[in-house]
Amino acid sequence: MSLDYTDYREIFLNDRPMMDTRAPIEFTKGAFPGVLNLPLMTDQERQRVGTCYKQQGQQAAIVLGHQLVSGAIKAERIQAWADFARAHPDGLLYCFRGGLRSQIVQQWLRDEAGIDYPRVGGGYKAMRTFLLDTVEQAMQQCDFVLLGGMTGTGKTQVLGQLDNALDLEGHANHRGSSFGRRATGQPSNIDFENRLAVDLLKKRERGVQGFVVEDENRMIGSCALPLPLHQGMQLAPMIWLEDRLDQRVQRILQDYVVDLCAEFVAVHGEPGFALFAQRLLESLNKIHKRLGGERHQRLLALMQEALAEQERSGVVELHRGWIQGLLSEYYDPMYAFQRESKGARIEFVGDQAAVLDYLRQRRPL
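Rules behind the numbers
- Residues numbered from 1 in each chain as written.
- Predicted model: local features only at pLDDT ≥ 70, side-chain atom pairs only at ≥ 80, totals over all residues.
- Heavy atoms only, no water.
- UniProt positions renumbered as here; feature names shortened; annotations may be inferred.
- Helix = DSSP H or I, 4+ residues; strand = E, 2+ residues; numbered from the N terminus.
- Buried < 20%, exposed > 50% of the residue type's maximum accessible area, 1.4 Å probe, protein only.
- Contact = heavy atoms within 4.5 Å.
- Areas by Shrake-Rupley, 256 points an atom, 1.4 Å probe, with all protein chains shown as cover.
- Salt bridge = Lys/Arg side-chain N within 4 Å of Asp/Glu carboxyl O.
- Phe/Tyr/Trp six-rings, centres within 6.5 Å; stacked < 30°, edge-to-face > 60°.
- Lys NZ or Arg CZ within 6 Å of the ring centre and 35° of its normal.
- Pairing = 2+ DSSP bridges.
- Axes fitted to C-alpha atoms, helices over the stretch in contact; angles between N-to-C directions.
- Parallel < 35°, antiparallel > 145°, perpendicular 65-115°, else oblique.
- Nonpolar A, V, L, I, M, F, W, Y, C, P; charged D, E, K, R; others polar.
- Left-handed = near helix turned anticlockwise from the far one by under 90°.
- Polar contact = N/O pair within 3.5 Å; in protein donor to acceptor, adjacent residues only side chain to side chain.

The name given to the chain in an unreviewed UniProt entry is tRNA 2-selenouridine synthase, and the organism recorded there is Pseudomonas piscis. Per UniProt, the chain has the following entry under Subunit (unreviewed entry): "Monomer." As recorded by UniProt, the Sequence similarities (unreviewed entry) comment attached to the chain reads in full: "Belongs to the SelU family."

A.B. asks: Please clarify how the overall build of the chain should be interpreted in this entry.
C.D. replies: Summing up its helical and strand segments, the chain has 17 helices and 12 strands in all. Along the first, second and third principal axes, the C-alpha atoms of the chain reach 70 × 50 × 40 Å. Taking all 365 residues of the chain together, 49% fall into the buried category. Contacts in the chain between residues at least 24 apart in sequence constitute 72% of all its contacts with a sequence separation of at least 6. Per element, the accessible surface of the chain, about 17700 Å² overall, is 50% carbon and sulfur.

A.B. asks: Where do I start with the side chain of Q106 in this structure?
C.D. replies: Tracing the backbone shows Q106 in helix α6 (residues 100-113). Residue classification places Q106 among the buried positions, given a relative accessible area of 8%. Sequence-distant contacts of Q106, that is, excluding residues within four places in its chain, are made with L3, L93, I115, Y117, P118 and R119.

A.B. asks: What's the story with the pattern of salt bridges in this structure? I'm lost.
C.D. replies: A pair can form between side chains of opposite charge whenever their charged atoms are brought close. Here the structure, examined in full by the defined rule, presents 24 salt bridges. Here the residues in one salt-bridge network are E26, R46 and R101, joined through shared partners.

A.B. asks: Got a minute to help me understand the packing of aromatic side chains in this structure?
C.D. replies: The relation between two aromatic rings is expressed through the spacing of the ring centres and the mutual angle of the planes. Scanning all chains against the criterion turns up 12 aromatic pairs. Each ring, one from F273 and one from F276, has its centre 5.7 Å from the other, and the planes form 55 degrees; the classification is tilted. Taken together, the residues F273 and F276, both in helix α13 (residues 272-286) and three residues apart, mark about one turn of the helix. The class of F273 is buried, set by a relative accessible area of 15%. Assessed through its relative accessible area of 0%, F276 is described here as buried. If you follow K74 out to its NZ or CZ, it ends over the ring of W108, 4.3 Å from the centre.

A.B. asks: Is there a simple way to think about the pairing of strand β8 (residues 210-214) in this case?
C.D. replies: Walk down a regular strand and you will see the side chains alternate between the two sheet faces. Of all five residues in β8, five are buried, a share of seventy percent or more. Burial along β8 is two-sided: the residues G210, V212 and E214 and F211 and V213 are all buried. For strand β6 (residues 143-149) and β8, the ladder comprises five bridges, and the chain directions are parallel. Paired with D143 across the two strands is G210, which belongs to β8. Pairing geometry for strand β7 (residues 165-166) and β8, over two bridges, is parallel. The partner of A165 across the bridge, within β8, is V212.

A.B. asks: Just checking my understanding: could you explain the environment of G50 for this structure?
C.D. replies: Its place among the elements puts G50 in helix α3 (residues 43-56). For G50, a relative accessible area of 28% gives the class partly exposed. On a C-alpha basis, the gap between G50 and L64 in space is 10.0 Å, while along the polypeptide they are 14 residues apart.

A.B. asks: Would you take a moment to explain the packing of helix α5 (residues 71-87) against α6 for this structure?
C.D. replies: Two quantities define a packed helix pair, namely the angle between the helix axes and the distance between the axes. Running from N to C, α5 and α6 cross one another at 90 degrees; their axes reach a closest spacing of 10 Å. With respect to α6, the element α5 is oriented roughly perpendicular. Taken together, the residues of α6 that come into contact with α5 (itself represented by K74, I78, W81, A82 and R86) are V105, W108, L109, E112 and A113. A per-class count over the contact of α5 with α6 returns seven nonpolar, no polar and three charged.

A.B. asks: Looking at this structure, how should I read the packing of helix α12 (residues 245-268) against helix α16 (residues 319-341)?
C.D. replies: Axis separation between α12 and α16 bottoms out at 10 Å; the angle between their running directions is 115 degrees. α12 and α16 meet at a crossing whose hand is right-handed. Between α12 and α16, the residues in contact are L245, R248, V249, Q250, I252, L253 and V257 and H319, R320, W322, I323, Q324, L327 and D332, respectively. Residues that form the contact of α12 with α16 fall into these classes: eight nonpolar, three polar and three charged.

A.B. asks: Explain the side chain of D332 here, please?
C.D. replies: By secondary structure assignment, the location of D332 is in helix α16. Since its relative accessible area comes to 15%, D332 is described here as buried. Excluding anything up to four places from it in sequence, D332 contacts M150, L245, R248 and L327.

A.B. asks: Just checking my understanding: could you explain the UniProt feature "active site" (unreviewed entry) in the chain for this structure?
C.D. replies: With numbering aligned to this structure, UniProt lists the feature "active site" (unreviewed entry) at C95. When you line up the elements, C95 lands in the loop between β4 (92-94) and α6. Beyond its immediate stretch of four places on either side in the chain, C95 contacts T21, R22, R101, S102, G123 and Y124.

A.B. asks: When you look at the environment of R360 in this model, what are you seeing that I'm missing?
C.D. replies: Structurally, the position occupied by R360 is in helix α17 (residues 352-361). Considering only alpha carbons, one finds R360 and D15, 345 residues apart in sequence, at a separation of 28 Å. The residues touching R360, leaving out its near neighbours within four places in the chain, are Q161 and L162. Here Q161 takes part through its backbone oxygen, which lies 3.1 Å from a polar atom of the side chain of R360.

Structure below.
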């Protein structure tokens, strides 16, 4: 295989192992699924080399870089790269543009460890451009249908049973509402876009031509939908999922109370319940103005009472009070308005079984 590899499609379709030799600060801003950061330089070293480059030019910056990464530091980094290369003989390395940093890592691996290891031509920037193009091409070439419905109807459950669904909230690690934050944080926006693009690429490779996505706002928590996707969703036909209020209350109780509490305890241990309770109260307070003072205070009192009982006995039934109030007095009127405004785009209405059956038989337009 060539030591300068540019088949980006093959890289992502086959989950090729990759080591990212950029500085940690670059990696944190955005990378690709499953990639390991094994930098040539630390953030501080990169900053010093960058300053030198601006003041004294490229040659002086290269000399400084070699001074900073030498001796035991150099040996330690080469060892880490060599360990990765031996563990992943089918892998690749890259830097930002496929330039000097990846060339140096590649050369040192060859000279010091006897390993010829391929690098990605064009680097991170070329792969990132490829993934952005993947989303734009899918919007031009594929059929998209939105899944809408009142809060708690189980839209995520429906998507999970379809082979042609894109789980936007799953990729964003957020449930998409004011109460949607998880115990674990969200990916960076770039990471979110990259995960989504790889998902699209793999499904299209399997022959999917029509995709089902949940009707979302542009923002899912702190993650923004790629603009071509968001714009396309404004014109896409819609399927409307319905369910009884009592079943929706039960589903929200399970997702936002029982499961979320367990998630916080799993992540944080003993303080988990207190952090879960704090998150729930913060979520209600975020919509304080939209609820209005009296309604907010009433639902807050119900939530506080439910949390106290849950902490004392583990019983969660009191949570049904604020959940039902929030649905019937806040979310349902808002979604009823949305349904009316998007009515011309709705091509099917039904419960979970009917919607699943319809979507499985639906053919791309």
